[in-house]
Amino acid sequence: MDMQTAVTAGPAARQSGQGRAFPVAVAVLTGVTWLSGALFALYILAFYLGAVPAGTPENWNAILPRLYQAGGTAANWGMGVHFALGAVLLLLGPVQLIGAIRQHRPALHRLIGRVYVTAALFTGLGGLAFIALRGTVGGPVMSVGFALYGALMVWCAAEAVRHARARRFDRHRAFAIRLYALVIGSWLYRMEYALWFLTMGETGHTEDFRGWFDAVMAFAFYLPNLAVAELVIRRPWRGRAALVLLVAASAFVALATWFFTTELWGPAIAWRLALSG
C-alpha cells in the first residue's frame, strides 16, 4: 500500500469502524436502559402497588412524603393509577423502538402502541389529578414542574395517536420519540438523584424537597430529554462524539442502576416478597 492509499483509506476505515460500532452502542444503551427500567417497574409494582393488597398504603410515604393520605380517596386513586400504568410504560417503551418489530410485525407494533399511548394518557392524567387535589411535597415549584411534565405526556400521547390515524407517520414517529423521552423521565429522576448523591452528597437537597437542587430537578428530569429527542428527530447524527456519548450514557445508567438496585429497589422488592411469603 502506497502512502497516498494509506492516507485516503485511514479516515474511511475509521468511519467504517465507527459505523459498525454505532448500532452496537445503541443496542447496549437500549438493553441497559430496558433492564434498569424493568427493575424500577418491578420495584413500583412490589413496593407501591403491593402495599394495597397488604393493607399498608401508608408505605407509599416511606420515600416521598404525602403520597398517601387517609381519606383522600380521589388523590390516592390518581397516584395509584400513575404508579401502575407508569410501570407498564417502562416495560413496553423499548419494545416500540425495535425496528424489526415495526417493519416485520406491524400489527404487534400497533397493538402495543395502543396499550402504550392509553397507559401514557392515564398516567399523565392520574399525576395531574393528584397534583390538583393534593399538591406535591416540594411545594409550588415541584407542583408546576411535575404538572407540566404530566401535561406534556398527555399531549404527546394524543398527538402520536392523531398523526398515526391520519397516516402522517413522520409526525407520528416524532411524537412517539418525544413521548418515550418523557416516559423515562420518572426513571431518570431517580438515576439523576443517584448520581448527585454519589458525587455531591445531599448538597442542595432537603427532606421536604425544597432545596435548590430539588427545584432544578423538578424540571431537569424531562426537559433535557426532550431537547435530545428534538435533536434525534430533526437532525439524526452519528460520528465519534455520538459514540462517546452513547458509551458514557450506558456507563452512567449501569452505575446508577447498580446503586439503586443494591440500596433501594432490591431490598424493597425482597422485603415485599418476604411479607407475602
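For the structure itself, look to the data block above.
Conventions and cut-offs
Residues numbered from 1 in each chain as written. Predicted model: local features only at pLDDT ≥ 70, side-chain atom pairs only at ≥ 80, totals over all residues. Heavy atoms only, no water. Helix = DSSP H or I, 4+ residues; strand = E, 2+ residues; numbered from the N terminus. Expected span 1.5 Å × (residues − 1). 1 Å grid on protein atoms, 1.4 Å probe; cavity = no way out; pocket = protein on both sides within 12 Å on 5 of 7 lines; lining within 4 Å. Points joined across faces, edges and corners; volume = space filled by probe spheres on them. Salt bridge = Lys/Arg side-chain N within 4 Å of Asp/Glu carboxyl O. Axes fitted to C-alpha atoms, helices over the stretch in contact; angles between N-to-C directions. Parallel < 35°, antiparallel > 145°, perpendicular 65-115°, else oblique. Left-handed = near helix turned anticlockwise from the far one by under 90°. Contact = heavy atoms within 4.5 Å. Nonpolar A, V, L, I, M, F, W, Y, C, P; charged D, E, K, R; others polar.

**Student:** Which residues make up helix 7 (residues 185–200), and what values do they have?
**Tutor:** Counted at 1.5 Å a residue, the expected span for helix 7 with its 16 residues is 22 Å, and the 21 Å between its end C-alpha atoms agrees. Where helix 7 ends, the next residue or the one after it, Gly201, has phi of about 70°, a positive value.

**Student:** Tell me about empty space enclosed by the protein, and please be specific about residues and values.
**Tutor:** For the coordinates displayed, the defined rule picks out one cavity of 30 Å³ or more. Its volume calculated, the largest cavity comes out at about 40 Å³. Looking at the largest cavity, the residues that line it are Thr33, Trp34, Gly37, Leu90, Pro94, Tyr180, Ile184 and Trp187. Residue assignment for the lining of the largest cavity shows that the elements contributing at least two residues are helix 1 (3–48) and helix 2 (73–96). In terms of residue count, the dominant contributor to the lining of the largest cavity is helix 1 (three residues).

**Student:** Kindly report on the pattern of salt bridges, identifying the contributing residues and their values.
**Tutor:** Counted according to the given criterion, the structure contains two salt bridges. Notably, a salt bridge pairs Arg162 with Glu159, separated by 2.8 Å at the nearest N-O pair. Linking Arg162 with Glu159, this pair stays in helix 5 (residues 139–165), spanning three residues, or about one helical turn. The salt bridge involving Arg178 is made with Glu230; its shortest N-O contact spans 2.5 Å. Within this pair, whereas Arg178 is found in helix 6 (residues 169–183), its partner Glu230 is found in helix 9 (residues 223–234), the two being separated by 52 residues in sequence.

**Student:** Account for the packing of helix 4 (residues 106–134) against helix 5, with residues named and values stated.
**Tutor:** Here helix 4 crosses helix 5 at 155°, and the two axes come no closer than 8 Å. Looking at the two axes, helix 4 sits roughly antiparallel to helix 5. Pair helix 4 / helix 5 crosses with left-handed handedness. When helix 4 is examined against helix 5, the residues Val117, Ala120, Leu121, Thr123, Gly124, Leu125, Leu128 and Ile131 are found in contact with a partner set consisting of Ser143, Phe146, Ala147, Gly150, Ala151, Met153, Val154, Ala157, Ala158 and Val161. The residue inventory of the contact of helix 4 with helix 5, partitioned by class, reads 14 nonpolar, four polar and no charged.

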